[in-house]
Number of protein chains: 2
Amino acid sequence: MRKPARLADVAKLAGVSSTLVSRIVNNDPTLRVRDDTRDTVRAAIAMLNYTPHSSARALRNSQTGLLGFALHGVNDPLYVEMVDAAQSEAARRNYSVILMNIEELADRRDAFHEIMLGHRVDGLLIHGGHGRGEAELQEIARDVPSVMFNADAANGLRTVRFDDARAAEMATRHLIELGHREIVFLGDIGATSARRYDGYRRALAAAGLPSSPPVVAGLSPDETHDATRRFLDSGMRATAFVAMSTTAALGVHSGIVASGLRIPDDVSLISVHDVWFARHLNPPLSTVALPLAQMGAVAVSLLLDQISDPIDGETIIDDPAPHLVVRGSTAPIGPGRS
Amino acid sequence: MRKPARLADVAKLAGVSSTLVSRIVNNDPTLRVRDDTRDTVRAAIAMLNYTPHSSARALRNSQTGLLGFALHGVNDPLYVEMVDAAQSEAARRNYSVILMNIEELADRRDAFHEIMLGHRVDGLLIHGGHGRGEAELQEIARDVPSVMFNADAANGLRTVRFDDARAAEMATRHLIELGHREIVFLGDIGATSARRYDGYRRALAAAGLPSSPPVVAGLSPDETHDATRRFLDSGMRATAFVAMSTTAALGVHSGIVASGLRIPDDVSLISVHDVWFARHLNPPLSTVALPLAQMGAVAVSLLLDQISDPIDGETIIDDPAPHLVVRGSTAPIGPGRS
DNA sequence: CTGAAAGCGCTTACAG
DNA sequence: CTGAAAGCGCTTACAG
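Below: a short report on this structure. All figures in this text were calculated on a predicted structure; none of them were measured in a lab.

1. Here's the deal with the protein's contact with DNA strand D
Then, in step 1: For DNA strand D, the set of nearby residues contains 23 residues, the closest of which are Leu7, Ser22, Tyr50 and Arg60 of chain A together with Thr19 of chain B.
Then, in step 2: Take the atoms of DNA strand D that sit within 4 Å of the protein: sugar and phosphate atoms are 65% of them.
Then, in step 3: In the environment of DNA strand D, a base oxygen lies 3.2 Å from a nitrogen or oxygen atom belonging to the side chain of Thr19 of chain A.
Then, in step 4: Contacts to DNA strand D include Ser22 of chain A, whose side-chain N or O atom sits 2.6 Å from a phosphate oxygen.

Here's what the structure looks like:
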């Protein structure tokens, strides 16, 4: 690859100033220029295959065109769906997304500040709501253009979340309508889980039923698998589970099976979220679908607004609205357990 | 956030030149400086919370510290595991990873060249081996520092892949040893699938068994689900399937179940790769594990070498070596089907 | 309608 | 052991 052309090369070839080329390249609306001059410049650009040097632009405009997306480990399909949508929306608006690992960053205490002070990105998408290091994250989020996922609304924070309580309430109500009375909620620590647990309680209360304390199990299938087995093996009674996420539900699913119980004959299972693998489980998983992709796209959009014009507040992603997807993992309470 | 300090601010505060500060910040090994001068500068840096402006550096050094990772849709856990590892390895070496969508880029024919000519990234990780647009990708890969996944070795290309034939051979041999004789391979188009199909054939040939043509089904669970149902409903015989990836296997799994057959009683199933969800299926999925994370990390490492010192060639990721993980989806051929 | 020139913040050959 | 100055490639206020 030979040395790429610079603005000055184009200007020289076209016989005009760099100023003019720059304004043409950037479609400066205030520019009045003769059509044939413009054509000459265009031709020179094409001939030299000119592409603006992004670092030079970034330096001059103090804008990188980069957004940082900080996650607790990328390896959850819930996140992936959001990241994917965020990347697409960003690309549409001529931004790129950099992946950052919250854990790695937390290791070096001031890595986040370095990123911002060093003008590495124009803004940050931060995945919150899962308890760990939440305070530090919020502190950072207040300092820089950012959108924070799943955090509770707070001053100086731009947040985005689902109507978590409603989603969990819908899931729980579905089980109640199937005749279940002993329903257990499985979540983790953090604000998201707390909101969903509230929805679970609300549904039970509306039906005049008692709620159990949440099983705090983490979010990974391996963790929820173990928690489910422990719960079941300890002889505690439940005819149905509400899992706080589809990934969590996967472990509950395998945990129930490993305990020798059948889904849905012995135990029903439903999760909040709906991810691509849910329909492929055996039996397929019932869910309350939440628009994860929308969340990623909206967050990018809010972040871009935020960069030009700082503003805080909470956005609830509610379009499309949560809806129940009934598959094979929920059924009327069986005669053996009623 | 107030305006961040610049190099000149530090120099002024410390009462030295920018040159000196720069060389201290960058740990210039040729620098001889009095200890107390160095301490003064260090103190000034700390006091002003100085962090180098990354765009200015990028412009000056013609290096962005950014690596592009171009994928066919990020939404496959196989990729995610690689991306995750790539991100970590890059971070360890002070690089960041930008996500790029091959499909989106292909839309604008010269988007890739724009990225490279525009110095957006220092190098490219390109996910190949799946047939579509392979020729264009290779053309690009030849032009810029890059590492290409899963492509067949070719002149001017730096490639990285698994020993695909061996992995598929191990999977197939496992089925043969269980007594299966009618074994079908499920793959997609592209070089990766072709190599795995070869391994499948090799195992069958070694046992003196005939091989069937591959079922070409795509890679997503929805696609392989449909292909499996079509295959089974058409009355074609098979007592076992080898799926080219774990994600593909998920759809085969649900397709078999949806056809009313039992795993492993009626049909055994094994996949190449081993991903986090495999152990949570019902029954759990047998696999031949391949080191996906290693692949991501090694690719980054090769790419970084590649940037300073262009070189082509093929690297086979073989550490840890592929190994059989027997779970519940494979069993000796049953009496009903023998 | 068009151009000369300053400056974004850094690094580095060169001079002392 | 330390500094003045040029230059990376761009944009934009200013002048004409």
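2. Describing the nonpolar core
Then, in step 1: Residues Phe69 and Phe241 of chain A together with Phe69 and Phe241 of chain B are the most contacted members of the largest nonpolar core, which totals 138 residues.
Then, in step 2: Look past the residues within four positions of Phe69 of chain B in its chain and what remains in contact with it is Met82, Val83, Ala86, Val97, Ile98, Leu99, Met100, Leu125 and Phe149 of chain B.
Then, in step 3: One finds Leu105 of chain A together with Leu66, Met100 and Phe112 of chain B within the second-largest nonpolar core, a separate group that totals 40 residues.

3. Comments concerning the relation of the copies chain B and chain A
Then, in step 1: Each copy of the sequence occupies a distinct position, and chain B is placed on chain A by a rotation of 180° and an axial shift of 0.0 Å, giving an RMSD of 0.0 Å. The symmetry that links the two subunits is that of a two-fold axis.
Then, in step 2: Most of the interface of chain B is mirrored in chain A, where 100% of its interface residues are also at the interface.

4. Overview of the environment of Ile189 of chain B
All names here are of chain B.
Then, in step 1: You can see Ile189 is positioned in the loop between β6 (183-187) and α10 (191-206).
Then, in step 2: Classification of Ile189 by relative accessible area gives partly exposed; the value is 48%.
Then, in step 3: Placed 184 residues apart in sequence, Ile189 and Ala5 show a C-alpha to C-alpha distance of 54 Å.

5. Quick word on the packing of helix α2 (residues 18-25) of chain B against helix α3 (residues 35-48) of chain B
All names here are of chain B.
Then, in step 1: Interaxial distance between α2 and α3 falls to 10 Å at its minimum, and their mutual angle equals 85°. The pairing of α2 with α3 is recorded here as roughly perpendicular in orientation. On the side of α2, the interface is formed by Leu20, Val21, Ile24 and Val25, while α3 contributes Thr37, Arg38, Val41, Arg42 and Ile45.
Then, in step 2: Taken together, the residues of the contact of α2 with α3 sort by class into 6 nonpolar, 1 polar and 2 charged.

6. A few points about the packing of aromatic side chains
Then, in step 1: One pass over the full model with this rule turns up 14 aromatic pairs over all chains.
Then, in step 2: A centroid spacing of 5.5 Å and a plane angle of 90° characterise the contact between Trp276 of chain A and Phe277 of chain A, whose relative ring orientation is edge-to-face. Each member of the pair, Trp276 of chain A together with Phe277 of chain A, is buried.
Then, in step 3: Here Tyr197 of chain B and Tyr200 of chain B contribute two aromatic rings whose centre-to-centre distance is 5.3 Å and whose plane-to-plane angle is 25°, an arrangement assigned as stacked. One end of the pair is Tyr197 of chain B and the other is Tyr200 of chain B, both in helix α10 and 3 residues apart, which spans about a single turn.

The rules behind the values
- Residues numbered from 1 in each chain as written.
- Chains lettered and ligands numbered in written order.
- Predicted model: local features only at pLDDT ≥ 70, side-chain atom pairs only at ≥ 80, totals over all residues.
- Heavy atoms only, no water.
- Near = heavy atom within 4 Å.
- Polar contact = N/O pair within 3.5 Å; in protein donor to acceptor, adjacent residues only side chain to side chain.
- Core = buried A, V, L, I, M, F, W, Y, C linked by side-chain atoms within 4.5 Å.
- Buried < 20%, exposed > 50% of the residue type's maximum accessible area, 1.4 Å probe, protein only.
- Contact = heavy atoms within 4.5 Å.
- Least-squares fit on C-alpha atoms with pLDDT ≥ 70 in both.
- Helix = DSSP H or I, 4+ residues; strand = E, 2+ residues; numbered from the N terminus.
- Axes fitted to C-alpha atoms, helices over the stretch in contact; angles between N-to-C directions.
- Parallel < 35°, antiparallel > 145°, perpendicular 65-115°, else oblique.
- Nonpolar A, V, L, I, M, F, W, Y, C, P; charged D, E, K, R; others polar.
- Phe/Tyr/Trp six-rings, centres within 6.5 Å; stacked < 30°, edge-to-face > 60°.

In short, the description is geometric, and any link to function would need to be established separately.
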